[in-house]
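Observations on the model geometry
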Amino acid sequence: MSAASCLLTEDQFLCSICLDVFTDPVSTPCGHNFCKNCITQHWNINVPNQCPNCKEVFYTRPELRVNTFISEMAAQFRQSAQPKFIISSLEQGSKPREVPCDVCTGTKLMALKSCLVCLVSYCETHLEPHLTMSGLKRHQLIDPVKNLEGRMCTKHDKLLELFCKTDQMCVCMLCTISDHVLHDVVHLKEEYEEKKAKLGKTEAEIQQMIQKRQLKIQEIKHSVELSEEDADREILDGVQVFTALKESVERSQAELIDTIKEKQRKKEKQAEGFIIELEQEISELKKRSTEVEQLSQSEDHFHVLQSFAFLNTVPPTKDWTEVKVHPPIKGTVVRAVNQLEETLSKQMIKLLAEAELKRFQRSAVDVTLNPDTAHPKLILSDDGKQVKHDDVKKNLSDNPERFDTGPNVLAKQSFSSGRFYYEVQVKGKTHWYLGVARESINRKGSITPSPQIGYWLICLSNANEYKSCADHVICLSLKSRPEKVGVFVDYEEGLVSFYDVNAAALIYSFTGCFFTEKLYPLFCPCNNYGGKNSAPLIISPVNHTE
């Protein structure tokens, strides 16, 4: 049996449907063998009860039983060929099984092409007639494929060379005059070109979708990187704030200890003084006691009478009844903690404001003034960084962008997303307006600015009165007079904040804003007022205080 098995070849145990070694082989009445599952599925899908090899049709489906002899032989072959098959698969890099030549006998070579006219797959040797003979040259050759019989019409046994657009299926020539008469039928190649063009569009769309998603991945990764940088900065700011607070607590603790110790030293010194004074009185009293005792024992009548008036009285002493040394600690800790709490609260507000200002300054942008929007009485510097009011009105074109009544000017730059920050020097001015405005604001005529009409501003009026130009004007109470104002906008968060840069203190914030248009920085130096308000508004470079 082992000698016979050496003469067996793989193709003798291959199912012609799946082209693999038999699994549960069954025999048809015509003598051909197939895997039981393969022939059953073939008959369910294709022409019922027809042998795939010889095309013999059985009027009733044969009862299929596993051929035990072939099954055993296939099992033995599979076991003996397994090591060779594994090595072959590894050598080929686990490539998919290729299509064998249908003409080769014995050991089959792999097919180079399949012919759609002959419905046969050919190796390089057997393909030569199709490449040299004029009649066969007209046959359509394609890359090797399995189951060429699937390209034949099961009803007319003709090549499926047409496509019915109506029913969206491949048909043969005879189908067009029977089941598909009057249908929209084209040649396979024409439909192929159309479908190929659609596939090209689909592929382009898919590639575009892939690119968009790759860009989104890059965007997300970049956002994560920015978030990580922000987190590092937040940690650094937090460490600085808590370090400052910790140092303040430690300083207060040291001051508390020093205060208690100093009070204790004073009490000790006071007590020492009391003790010395008491000891002196005790010494005097003891001395008087001795003198009185001696006098009372004396027999000298004259001496007793002479000394009686002096020794009969108690020496002058201090009334010690109300004198006490109180402990210095009582209430000291409570007062110190209350004072520390107040100090920390103020310091924390200041430190947080400083940290927040630092964070906003990282969003600094370069802002320059747009002369096309400036009121005719405004004078702009050549670099576009300064603006002041002049009593002389210039003869300028009244374009739609220009303010004609309010002495305002907008920046050239606009912002419709993200965060931005800039600083403006207001030193020496008695009146001014600062903030942002949306693109569609009315620039003609008298205007009362408010968020409702697209202005988010704060102002200084009457020299010392600071206000927010909200829907209802709010007077602002500031501890110091700002010399430089920082303006921060977070478009998505709907936030506009104003800071006293030098004091690192928040002046005012518009919150819950809803932006849908471009925002422009707005500057209003206000009227000259006879030279009292002649100082310019100056867009200053941002000095990052890290």
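Below or above, wherever it landed, is the structure these notes cover. (Residues numbered from 1 in each chain as written. Predicted model: local features only at pLDDT ≥ 70, side-chain atom pairs only at ≥ 80, totals over all residues. Heavy atoms only, no water.)

What follows concerns the overall build of the protein. Of regular secondary structure, the protein possesses eight helices and 21 strands. Its C-alpha radius of gyration of 53 Å places the protein more than 25% over the 24 Å reference for a compact globule of 546 residues. Judged by the C-alpha coordinates and their principal axes, the protein covers about 175 × 95 × 40 Å. Looking at the protein residue by residue over its 546 residues, the buried ones come to 32%. Intrachain contacts of the protein at a sequence separation of at least 6 include 57% that bridge at least 24 residues. Here the protein displays about 34700 Å² of accessible surface, and carbon together with sulfur accounts for 54% of that area. Positive and negative charge centroids in the protein, built from 66 and 74 side chains respectively, lie 4 Å apart. (Helix = DSSP H or I, 4+ residues; strand = E, 2+ residues; numbered from the N terminus. Rg over C-alpha atoms; globule rule 2.2 N^0.38 Å. Buried < 20%, exposed > 50% of the residue type's maximum accessible area, 1.4 Å probe, protein only. Contact = heavy atoms within 4.5 Å. Areas by Shrake-Rupley, 256 points an atom, 1.4 Å probe, with all protein chains shown as cover. Lys, Arg positive; Asp, Glu negative; His and termini not counted. Charge placed at Lys NZ, Arg CZ, Asp CG, Glu CD.)

The next point concerns the environment of Ala535. Examined against the element boundaries, Ala535 turns out to sit in the loop between β20 (519-524) and β21 (537-540). Taking relative accessible area as the criterion, Ala535 reaches 17% and is therefore assigned buried. Between the alpha carbons of Ala535 and Pro525 there is a distance of 8.3 Å; along the sequence they are ten residues apart. Those residues within four positions of Ala535 in sequence are excluded, and the remaining contacts are Lys388, Lys427, Gly428 and Lys429.

This paragraph deals with the packing of aromatic side chains. This structure, assessed with the given rule, holds ten aromatic pairs. Between the aromatic rings of Tyr508 and Phe510, the centroid separation amounts to 5.0 Å while the plane-to-plane angle is 85°, which identifies the pairing as edge-to-face. Phe510 sits in the buried class, given a relative accessible area of 6%. Linked through ring pairs, Phe360, Phe488 and Tyr499 together constitute an aromatic cluster. The ring of Trp320 has Lys318 sitting right over it, with the charged end atom 4.7 Å from the ring centre. (Phe/Tyr/Trp six-rings, centres within 6.5 Å; stacked < 30°, edge-to-face > 60°. Lys NZ or Arg CZ within 6 Å of the ring centre and 35° of its normal.)

As a further point, take the environment of Tyr59. Assignment of secondary structure puts Tyr59 in the loop between α2 (36-45) and α3 (68-91). In sequence terms Tyr59 and Ala309 are 250 residues apart; their C-alpha atoms lie 165 Å from each other.

Where helix α6 (residues 188-297) meets helix α7 (residues 301-311), the axes come as close as 10 Å, and the angle between the chain directions of the two elements is 150°. Judged by the inter-axis angle, α6 sits roughly antiparallel to α7. The two elements α6 and α7 cross, and the hand of that crossing is left-handed. Taken together, the residues of α7 that come into contact with α6 (itself represented by Arg288, Glu291, Val292 and Leu295) are His303, Val304, Ser307, Phe308, Phe310 and Leu311. Among the residues making up the contact of α6 with α7, the classes are represented as six nonpolar, two polar and two charged. (Axes fitted to C-alpha atoms, helices over the stretch in contact; angles between N-to-C directions. Parallel < 35°, antiparallel > 145°, perpendicular 65-115°, else oblique. Left-handed = near helix turned anticlockwise from the far one by under 90°. Nonpolar A, V, L, I, M, F, W, Y, C, P; charged D, E, K, R; others polar.)

Turning to a negative patch on the surface, a few remarks are in order. There is a patch of like negative charges on the surface, built from Glu225, Glu228, Glu229 and Asp232. Within the element layout of this structure, Glu229 appears in helix α6. The partly exposed category is assigned to Glu229, whose relative accessible area is 40%. (Patch = residues over 30% accessible without salt bridge, like charges linked within 9 Å, V, L, I, M, F, W, Y side chains within 5 Å. Salt bridge = Lys/Arg side-chain N within 4 Å of Asp/Glu carboxyl O.)

What follows is about the environment of Leu14. One can find Leu14 in the loop between α1 (2-6) and β1 (25-27). Between the C-alpha atom of Leu14 and that of Asn33, which follows or precedes it by 19 residues, the distance is 9.0 Å. Setting aside residues no more than four positions away along its own chain, Leu14 makes contact with Leu19, Asp20, Val21 and Phe22.

Backbone hydrogen bonds hold the strands of a sheet together, and the pairing may be parallel or antiparallel. Strand order across the open sheet formed by six strands is β11-β20-β13-β14-β15-β16, with antiparallel pairing between neighbours. In the strand order of this sheet, the two ends are held by β11 (409-410) and β16 (474-476), each with one partner. When strand β15 (residues 465-468) meets β16, the two strands line up antiparallel, connected through three bridges. Counterpart to Lys467 in the pairing with β16 is Cys475. (Pairing = 2+ DSSP bridges.)

Another point: the packing of α6 against helix α8 (residues 332-361). Running from N to C, α6 and α8 cross one another at 160°; their axes reach a closest spacing of 10 Å. Between α6 and α8, the crossing angle belongs to the class labelled roughly antiparallel. α6 and α8 meet at a crossing whose hand is right-handed. For the contact of α6 with α8, the class distribution of residues is 13 nonpolar, seven polar and six charged.

Our next topic: the pattern of salt bridges. Within this structure, the stated rule accounts for 17 salt bridges. Put simply, Lys155 and Asp179 hold a salt bridge, and the shortest N to O gap is 3.1 Å. With Lys155 in the loop between β5 (141-142) and β6 (162-164) and Asp179 in the loop between β7 (169-171) and β8 (185-187), this residue pair connects regions lying 24 residues apart in the sequence. On the basis of relative accessibility, which here comes to 54%, the residue Lys155 falls in the exposed class. Taken together, the shared-partner salt bridges in this structure form one network comprising Lys165, Glu191, Glu194, Lys195 and Lys198.

These values are about where atoms sit, not about what they do.
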